[in-house]
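Here is how the chains run, residue by residue.
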Amino acid sequence: MPIGPTLDVLPYVSADGYSIQMTIIPQTTEFLGYDTATAAQFVPQAVISAQQTVSTPITATLPLPIFRSRQVVTSCNVWDGQTVVLGGLLTENVKKSKDKVPVLGDLPFFGRLFRSETSLTQKKNLIIFVTPRIIDPAGNYVHTMDSLPYDPNTIPPQKPIVK
């Protein structure tokens, strides 16, 4: 299973030869740990037996991995050489910790004076930049920035999605 960010792009060159219709699918997958409680329900067993002896079953608990996967699907229409910026794959990790003075932190009323709780929040935002270019079979650019019939600083017309 691929871990980390992956990016799938499905580009189509429009009939005008200058604009590109793209479907962009960024995905990020994280490994969170193992689920041993659920894995205990699915215990594989193997039976080893020698000739004329009592066989003993061998059991093993295989932990089940836990993954978190986030994915976004978007579509856009851009000119040759323009950059698309995608954002929004947010991650927030919260770590909580408790500290206390031994014995004094366990007292019923005064124990609160000898205990502390802290939490650390970490936020991440994955930002993706995609710049499509139309190339010929040899790998050379079809258009240069000087030979484009449009202003490269404008956005091509976007077609509304009809459902």
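It should be emphasised that the depicted structure is a prediction, and the values quoted were computed from it without experimental measurement. (Residues numbered from 1 in each chain as written. Predicted model: local features only at pLDDT ≥ 70, side-chain atom pairs only at ≥ 80, totals over all residues. Heavy atoms only, no water.)

Visitor: Which parts of the structure should I look at to understand a positive patch on the surface?
Guide: Residues Lys-96, Lys-98, Arg-112 and Arg-115 make up a contiguous surface patch of positive charge. Along the chain, Lys-96 turns up in strand 7 (residues 84–100). By relative accessible area, Lys-96 is classed as exposed at 72%. (Patch = residues over 30% accessible without salt bridge, like charges linked within 9 Å, V, L, I, M, F, W, Y side chains within 5 Å. Areas by Shrake-Rupley, 256 points an atom, 1.4 Å probe, with all protein chains shown as cover. Salt bridge = Lys/Arg side-chain N within 4 Å of Asp/Glu carboxyl O. Lys, Arg positive; Asp, Glu negative; His and termini not counted. Charge placed at Lys NZ, Arg CZ, Asp CG, Glu CD. Helix = DSSP H or I, 4+ residues; strand = E, 2+ residues; numbered from the N terminus. Buried < 20%, exposed > 50% of the residue type's maximum accessible area, 1.4 Å probe, protein only.)

Visitor: When you look at the confidence of the model for the chain in this model, what are you seeing that I'm missing?
Guide: When pLDDT is low, close inspection of the predicted coordinates is not appropriate. With 87% of its residues at a pLDDT of 70 or more, the chain has an overall mean of 83. Within the chain, the lowest mean pLDDT, 62, falls on strand 3 (residues 45–48), and the highest, 92, falls on strand 1 (residues 4–13). (pLDDT = per-residue confidence, 0-100.)

Visitor: Is there a simple way to think about the side chain of Thr-29 in this case?
Guide: Summarising the element assignment, Thr-29 is placed in strand 2 (residues 19–35). Judged by its relative accessible area of 8%, Thr-29 falls in the buried class. Other than its neighbours up to four places away in sequence, Thr-29 contacts Pro-2, Ile-3, Gly-4, Phe-67, Arg-68 and Ser-69. (Contact = heavy atoms within 4.5 Å.)

Visitor: Even after reading the chapter, I still don't get the packing of aromatic side chains, so can you show me in this structure?
Guide: Here a ring pair, both rings aromatic, is described through the centre-centre distance and the interplanar angle of the planes. Following the criterion strictly, the structure yields 2 aromatic pairs and no others. Here Phe-31 and Tyr-34 contribute two aromatic rings whose centre-to-centre distance is 5.2 Å and whose plane-to-plane angle is 70 degrees, an arrangement assigned as edge-to-face. Under the relative-accessibility criterion, Phe-31 is labelled partly exposed at 39%. Cluster of aromatic residues (ring-pair linked, three or more members): Phe-31, Tyr-34 and Phe-67. The ring of Tyr-141 carries Arg-133 above its face, with NZ or CZ at 3.9 Å from the centroid. (Phe/Tyr/Trp six-rings, centres within 6.5 Å; stacked < 30°, edge-to-face > 60°. Lys NZ or Arg CZ within 6 Å of the ring centre and 35° of its normal.)

Visitor: It is not clear to me how the pattern of salt bridges should be interpreted in this structure. Could you clarify?
Guide: For the structure shown, the criterion picks out 4 salt bridges. The shortest N-O distance in the salt bridge between Glu-30 and Arg-68 comes to 3.3 Å. Residue Glu-30 is found in strand 2, and its partner Arg-68 is found in strand 5 (residues 64–71); the two are separated by 38 residues along the sequence. Accessibility expressed as a relative area gives 29% for Arg-68, which makes it partly exposed. Note that Lys-100 is salt-bridged to Asp-106, the shortest N-O span being 2.4 Å. Here the salt bridges share partners, and the residues they tie into one network are Glu-30, Arg-68 and Arg-70.

Visitor: Looking at this structure, how should I read the environment of Gln-27?
Guide: Structurally, Gln-27 is set in strand 2. Assessed through its relative accessible area of 24%, Gln-27 is described here as partly exposed. Each C-alpha atom of the pair Gln-27 and Gln-71 lies 4.3 Å from the other, and the pair is 44 residues apart in sequence.

Visitor: Please clarify how the nonpolar core should be interpreted in this entry.
Guide: Among soluble globular proteins, nonpolar side chains are generally buried collectively. Counting 10 residues, the largest nonpolar core consists of Ile-20, Met-22, Ile-24, Cys-76, Val-78, Val-84, Leu-86, Ile-128, Val-130 and Ile-134. Setting aside residues up to four positions removed in sequence, Ile-20 forms contacts with Pro-11, Tyr-12, Ser-14, Cys-76, Asn-77, Val-78, Asp-80, Pro-132, Arg-133 and Ile-134. (Core = buried A, V, L, I, M, F, W, Y, C linked by side-chain atoms within 4.5 Å.)

Visitor: Any chance you could explain the environment of Ile-20 here in plain terms?
Guide: Locating Ile-20 in the fold gives a position in strand 2. What makes Ile-20 buried here is its relative accessible area of 3%. Separated by 61 residues in the primary sequence, Ile-20 and Gly-81 have C-alpha atoms spaced 9.4 Å apart.

Visitor: Hey, could you run me through a nonpolar patch on the surface in this one?
Guide: Together, Val-101, Leu-104, Leu-107, Phe-109, Phe-110, Leu-113 and Phe-114 make up an exposed nonpolar region whose accessible area comes to about 710 Å². By secondary structure assignment, the location of Leu-113 is in the loop between strand 7 and strand 8 (115–130).

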